[in-house]
Amino acid sequence: MSQLITILNGPNLNLLGKREPEIYGHATLADVQADCSAVAQEFGLTCELKQSNIEGELVDMIHTCRETSAGIIINPAAYTHTSVAILDALNTFDGPVLEIHISNVHKREEFRHHSYVSKRADASIVGMGVEGYALCMRHMGSLLAK
Ligand code: CA2
């Protein structure tokens, strides 16, 4: 059976493509899922995309990944900058963790410059728009092939 990659998305990302296109672009999470599935297929992987606006639900999703998933791609959204709980949960996961931010958080407000998740992530992509998700999937493919 092929390995599963889970793509986790934090608060407000359900609005992707529907609000603030000047920052986050026009693509929706459904588009992200389609792009990532195509790349996953190239590597013989499968992927699922999940989103929650609730911190504890994201923690539960990460715990589920311990049983189901070979790797995690995560955009924790605002929880990036605040959540020790999500960092602690990611630290219980053994596989690769890749962090993605659609916008270039380093060009934005000071409070977006720090990421708790970066303390666990094996690599991060910021500022490449939604294309960053598919790039993470490609990197995941090469990491898992090693
Ligand atoms: O750039 C990113 O991907 C962020 O993780 C997005 C978060 C923000 O808090 C982080 O600092 C950087 C915000 C997600 C909000 O998503 C929306 C999408 C469309 C419309 C409105 C909000």
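Small disclaimer: the values here were computed from a predicted structure and weren't measured.

Undergrad: What exactly am I supposed to notice about the layout of surface pockets here?
TA: To find leftover empty space, one rolls a probe the size of a water molecule over the atoms. Looking at the largest pocket, its volume works out to about 410 Å³. Along the wall of the largest pocket there are 19 residues; nearest its centre are Pro11, Asn12, Leu13, Tyr24 and Ala77. Tallied by class, residues from the lining of the largest pocket come to ten nonpolar, five polar and four charged.

Undergrad: Would you take a moment to explain the side chain of Ser52 for this structure?
TA: Mapped onto the elements, Ser52 comes out in the loop between β2 (46–51) and α3 (55–68). Among the polar contacts made by the side chain of Ser52, one reaches the main-chain amide nitrogen of Ile54 at a distance of 2.9 Å. In this structure the side chain of Ser52 is engaged in a polar contact, spanning 2.7 Å, whose partner is the side chain of Glu57. Beyond its immediate chain neighbours, meaning those up to four positions away, Ser52 contacts Asn9, Gly10, Pro11, Glu57, Leu58 and Met61.

Undergrad: Would you mind showing me how to read the confidence of the model for the chain here?
TA: Interpreting fine coordinate detail is not advised for predicted regions of low pLDDT. The predicted model of the chain has a mean per-residue pLDDT of 97, with 100% of residues at 70 or higher. Mean pLDDT values over the elements of the chain span from 90, in helix α1 (residues 21–24), up to 99, in helix α4 (residues 84–90).

Undergrad: I would appreciate a short explanation of the sheet that holds strand β3 (residues 71–75) in the present structure.
TA: Strand pairing in a sheet takes place through backbone hydrogen bonds and is either antiparallel or parallel in direction. Strand order in the open sheet formed by five strands is β2-β1-β3-β4-β5, and the pairing between neighbours is parallel. Looking at the sheet topology across the chains shown, the edges are occupied by β2 and β5 (123–126). Recorded for the sheet is a direction-independent mean angle of 20 degrees between the axes of neighbouring strands. Relative to β2, strand β1 (residues 4–9) runs parallel, the two sharing six bridges. Each bridged residue has a counterpart across the sheet, and for Ile5 the counterpart in β2 is Cys47. Sheet strands in contact with helix α5 (residues 131–145) are β1, β2, β3, β4 (97–101) and β5, and its direction is about 165 degrees off that of β4.

The rules behind each value
- Residues numbered from 1 in each chain as written.
- Predicted model: local features only at pLDDT ≥ 70, side-chain atom pairs only at ≥ 80, totals over all residues.
- Heavy atoms only, no water.
- 1 Å grid on protein atoms, 1.4 Å probe; cavity = no way out; pocket = protein on both sides within 12 Å on 5 of 7 lines; lining within 4 Å.
- Points joined across faces, edges and corners; volume = space filled by probe spheres on them.
- Nonpolar A, V, L, I, M, F, W, Y, C, P; charged D, E, K, R; others polar.
- Helix = DSSP H or I, 4+ residues; strand = E, 2+ residues; numbered from the N terminus.
- Polar contact = N/O pair within 3.5 Å; in protein donor to acceptor, adjacent residues only side chain to side chain.
- Contact = heavy atoms within 4.5 Å.
- pLDDT = per-residue confidence, 0-100.
- Pairing = 2+ DSSP bridges.
- Axes fitted to C-alpha atoms, helices over the stretch in contact; angles between N-to-C directions.

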